[in-house]
Amino acid sequence: MSAKFSFQRLASCNQTKARAGIFFTPHGPVETPRFMPVGTLANVKTLTPAQLQDTGAQMILCNTYHLHLQPGEAIVAGGGGLHKFMGWNAPVLTDSGGFQVFSLSEMRKISEEGVTFRSPHDGQIINLTPERSIEIQSILGADVIMAFDECPPYPASREQVEAATQRTYRWLERCIVAHQCREQALFGIVQGGVHLDLRSAAAIALTKLDLPGYAIGGVSVGEPPELVAKIVQATAPLLPPEKPRYLMGIGTFREMAIAIASGVDLFDCVIPTRWARHGTAMVLSERWNLKNAKFREDFTPLDETCPCYTCQNFSRAYLSHLVRSQEILAYTLLSIHNITELIRFTQRIRKAILENRFSTEFAKWLTPENAECPVDKDLELIED
Ligand SMILES: [Zn+2]
């Protein structure tokens, strides 16, 4: 690992594989386990950097695919790189663009060289290769950058998944050659779909490359949560214990708790801000639709135990009014609360690991019979 990056393990749970640590980056430390908010287009939607900092956010994630299309990495570099451009003087991670290319773009063609697709903005043909992804991420200037990978869809045939996993490995080797910037840590991504043997083989092969960190990717693409848990349980313990482990795209309470018990350190997910923009508050494991009539005259805070600006200053009734009126402030206040709630959950788990009470205090999150978290019955399903 470059001298600018290191991972220090502070404590390990004696009942599970959970660990608490600190990941040091050039822009500051990240205390793990930790939830990372998503700032797709170099902003966490509706929040200023100061508001974001108050949620307890340490490292945040930005998307290479989206930033490449708009405004383009040259403009970000012209603005001094991601940190200065977006006013966030703390750790930043960029994904490689692989996931978005495979899940969002139309008319894509995959070859050994890379992926060709049409820009949804102007129809222009864009080539993304492992070398190009690393170059774009180098210009964007995040602390942690991700290898360009092929994320197979779910469901897919075993042959398809196996081919994608092997190609991901070959692309990783090309990413390592292309990666020159010592200010950035390149993480490899374990693929393998729902096939535990492919996952294990990929994890073991990647480990030999001695990267500064490892991610488990290609989960949360439509497979049932039990399968995600099985994948994580089978894969995370095979990754080097002295390196940080990041589970991509996961950010529900139960999934994070199970993954932490398997030895995962970092998480990201768009749900706290996406749900906020749908008028939904996350209050521990529950989701509350603030449009619900029961909140109209409820003058208590969302969560009396929450230290966030929203809970300290506003009532459910006020938030319900803002949501019903489609006031932009509603989305800001709910994003502040939802992000704080998820980060606080990982902070509470971290403290419990440090004090050796994780497996008892969080037992209800780790057992299959509690697979269904209580959900507000009146909430209509949010699909996107
Ligand atoms: Zn709150």
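Note that the structure is a prediction, hence the values are computed from the model and not measured.

(A) Summary view of the confidence of the model for the protein. Per-residue confidence for the protein averages 93 on the pLDDT scale, and 94% of its residues sit at or above 70. Long-range and interchain partners of residues 369-384, a stretch whose pLDDT sits below 50, account for 26 contacts in this model, where long-range means more than four residues apart.

(B) Highlighting the coordination of the zinc ion. Every protein donor of the zinc ion is listed here as Cys-306 (SG), Cys-308 (SG), Cys-311 (SG) and His-337 (ND1), and their distances to the metal cover 2.1 to 2.3 Å. Around the zinc ion, the 4 donor atoms are arranged such that angles at the metal cover 94 to 121°; this shape is classified as tetrahedral. Site description for the zinc ion: donor spacing in sequence, C-x1-C-x2-C-x25-H. Taken as a pair, Cys-306 in the loop between strand E16 (286-289) and helix H12 (309-313) and His-337 in helix H14 (residues 328-354) lie far apart in primary sequence, 31 residues in all. Of the two residues, Cys-306 and His-337, both sit in the buried class.

(C) Quick peek at the pairing of strand E11 (residues 185-190). Of all 6 residues making up E11, 6 are buried, and the element is well covered by its neighbours. As paired elements, strand E10 (residues 144-146) and E11 share 3 bridges and run parallel to each other. The partner of Ile-145 across the bridge, within E11, is Leu-186. In this structure, E11 lies alongside strand E12 (residues 213-216), joined through 4 bridges in parallel fashion. Bridge pairing in E12 places Gly-188 opposite Tyr-214.

(D) Up close: the packing of aromatic side chains. Here the structure, examined in full by the defined rule, presents 12 aromatic pairs. Geometrically, the ring pair formed by Phe-253 and Phe-345 is edge-to-face, given 4.9 Å between the ring centres and 85° between the ring planes. Here Phe-253, found in helix H10 (residues 253-261), pairs with Phe-345, found in helix H14; they are 92 residues apart in sequence, far enough to count as distant. There is no split in this pair, since Phe-253 and Phe-345 are both buried. Counting every residue linked through ring pairs, the aromatic cluster contains Phe-253, Phe-345, Phe-358, Phe-362 and Trp-365.

Rules used in this analysis
Positions within a chain are numbered from 1, following the residues in the order the chain's sequence is written. At least 70 in pLDDT is required for a residue's local features to be given in this predicted model, at least 80 for side-chain atom pairs to be given and counted, and no such filter applies to totals for whole chains, interfaces and linings, which use all residues. As a rule here, side-chain values come from all non-hydrogen atoms in the structure, and water together with hydrogens is ignored. Along the chain, pLDDT gives the predictor's confidence residue by residue, from 0 to 100. Contact between two residues is taken to exist if any of their heavy atoms lie within 4.5 Å; hydrogens are not considered. A 2.8 Å cut-off from the metal defines N, O and S donors, relaxed to 3.2 Å for Na, K and Ca; water is not in the atom list, so some sites may appear incomplete. Between 85 and 135 degrees for all angles marks four donors as tetrahedral; over 155 degrees for opposite donors together with 65 to 115 for all other angles marks four donors as square planar and six as octahedral; every other arrangement is irregular. Secondary structure elements follow DSSP: runs of H or I no shorter than four residues count as helices, runs of E no shorter than two count as strands, and numbering proceeds from the N terminus. Remark: exposure states derive from per-residue accessible area (1.4 Å probe, protein chains only) relative to the maximum for the residue type, with buried under 20%, exposed over 50%, and partly exposed in between. Here, any two strands with at least 2 DSSP bridges between them count as paired. Ring geometry is summarised as follows: Phe, Tyr and Trp rings, the Trp one being its six-membered ring, pair when their centres sit within 6.5 Å, and such pairs are stacked at plane angles under 30 degrees, edge-to-face over 60 and tilted between the two.

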